[in-house]
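Survey of secondary and tertiary structure
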Amino acid sequence: MESLQGHLLAASPYLVDPNFVGTVVLIIQHNENGAFGVILNRLHPKRIKELWAEVSNTPCVNDRFLNIGGPVSGPLMALHDSPELAELEVIPGVYFSLQRHNLERLMTEEGHEARVFLGHSGWAGGQLEGELAQGSWLVAKATKDLVFPENERELWKRVVFSIGRTILVNALNLKHQPAHPWLN
């Protein structure tokens, strides 16, 4: 089994589960026992500051919207860019934390890029592999700019476009492809 940790799953048109239609999931861990990740492009209507005021007395400096990480409930968790507060490095420059003392610092100190998630996405051993075999997911390597996009609403389209472009380049055996071929 090849681990998909650090990869993105983009929901294909064949995926019928309403929890994942149009989503992009970052796989945080994947082994023979199953997979765990968070949806990157589903925003919660509440801002992090609002939630933080409900769970802590310390002032929050993060004014992003919360993310809905998936249909499985669990503790608050964060993806961020601070190695000193990391419990796991998902890809170079992107870290995962769920311990309260790490979340507290991410929310109350300036200078951290962080996304906070309510819930997560999980698969039992072999379940994700079965969904991949059915064509439910398209797979791409994650990058820091895809994990921290400027526009979450355009993320699915951006990831699917890059996957299609890679397939086309490989199928045509192109040695060089300009970044914007339509400008030639």
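Residues numbered from 1 in each chain as written. Predicted model: local features only at pLDDT ≥ 70, side-chain atom pairs only at ≥ 80, totals over all residues. Heavy atoms only, no water.

Observations concerning the packing of helix α1 (residues 48-55) against helix α2 (residues 100-108)
Put simply, the rule reads: To obtain each axis, a line is fitted to C-alpha atoms, and for helices this fit is confined to the stretch in contact; angles are then taken between N-to-C directions over 0 to 180 degrees. For helices the rule is a DSSP run of H or I covering at least 4 residues; for strands it is a run of E covering at least 2, with both sets numbered from the N terminus onward. In this scheme, roughly parallel covers angles under 35 degrees and roughly antiparallel covers those over 145, while 65 to 115 is roughly perpendicular and the rest are oblique. Working rule for handedness: look at the near helix, and if it is turned counterclockwise from the far one by less than a right angle, call the crossing left-handed; if clockwise, right-handed. The contact criterion used is simple: two residues touch if any of their non-hydrogen atoms lie within 4.5 Å. Three categories are distinguished: nonpolar for Ala, Val, Leu, Ile, Met, Phe, Trp, Tyr, Cys and Pro, charged for Asp, Glu, Lys and Arg, and polar for the others, with Gly belonging to the last.
Interaxial distance between α1 and α2 falls to 12 Å at its minimum, and their mutual angle equals 130 degrees. With respect to α2, the axis of α1 lies oblique. Remark: the crossing between α1 and α2 carries left-handed chirality. Within the contact between the two elements, α1 uses Ile-48, Trp-52 and Val-55 and α2 uses Arg-100, Leu-103, Glu-104, Met-107 and Thr-108. Among the residues forming the contact of α1 with α2, the class breakdown is 5 nonpolar, 1 polar and 2 charged.

Description of α1
This is how the line gets drawn: Each residue is assigned to one of three classes by its accessible area relative to the maximum for its type, calculated with a 1.4 Å probe on protein chains only: buried under 20%, partly exposed between the two thresholds, exposed over 50%. Here, the arc refers to the directions that run from the helix axis to the C-beta atoms.
By the burial criterion, the buried members of α1 are Ile-48, Leu-51 and Trp-52. For α1, the angular spread of buried residues about the axis comes to 100 degrees, placing them on one side. Of the exposed residues in α1, those oriented more than 90 degrees away from the buried face are Ala-53 and Glu-54. Among the structural elements, β4 (43-47), β5 (65-68), α2 and β9 (114-118) are those in contact with the buried residues of α1.

Details of the environment of Gly-125
In this structure, Gly-125 sits in the loop between β10 (121-124) and α3 (127-133). For Gly-125 and Asn-33, which are 92 residues apart along the polypeptide, the C-alpha to C-alpha distance reads 4.2 Å. For Gly-125, the contacting residues outside a window of four places in its chain are Glu-32, Asn-33 and Gly-34.

A few points about the sheet that holds strand β1 (residues 7-11)
Spelled out, the test is: Whether two strands pair comes down to DSSP finding at least two bridges between them.
Strand order in the open sheet formed by 5 strands is β10-β3-β2-β1-β11, with antiparallel pairing between adjacent strands. The two strands at the open ends of the sheet, each matched to only one other strand, are β10 and β11 (137-141). Averaged over neighbouring strand pairs, the angle between their axes works out to 30 degrees when direction is ignored. One ladder, built from 5 bridges, connects β1 with β11; its direction is antiparallel. Looking across to β11, one finds that His-7 is bridged to Lys-141.

Some words on the packing of aromatic side chains
Here a ring pair, both rings aromatic, is described through the centre-centre distance and the interplanar angle of the planes. Stated precisely, the cut-off is as follows: Stacked, edge-to-face and tilted are the three classes for Phe, Tyr and Trp ring pairs, Trp counted by its six-membered ring, which pair at centre distances within 6.5 Å; planes under 30 degrees apart are stacked, over 60 edge-to-face, the rest tilted. Working rule: Lys NZ or Arg CZ, within 6 Å of ring centre, within 35 degrees of ring normal, means a charge sits over the ring.
Taken as a whole and judged by the stated rule, the model has 4 aromatic pairs. With 5.7 Å between their ring centres and 80 degrees between their planes, Phe-36 and Phe-96 make a pair best called edge-to-face. On the criterion of sequence distance, the pair formed by Phe-36 in strand β3 (residues 34-39) and Phe-96 in strand β8 (residues 94-97) is long-range, its members being 60 residues apart. Residue classification places Phe-36 among the buried residues on the basis of a relative accessible area of 18%. Judged by relative accessible area, Phe-96 falls into the buried class, the value being 7%. Within the aromatic cluster, the residues linked to one another by ring pairs are Phe-20, Trp-123 and Trp-137. Across the ring face of Phe-65, the terminal group of Arg-47 is positioned such that the distance to the ring centre comes to 4.0 Å.

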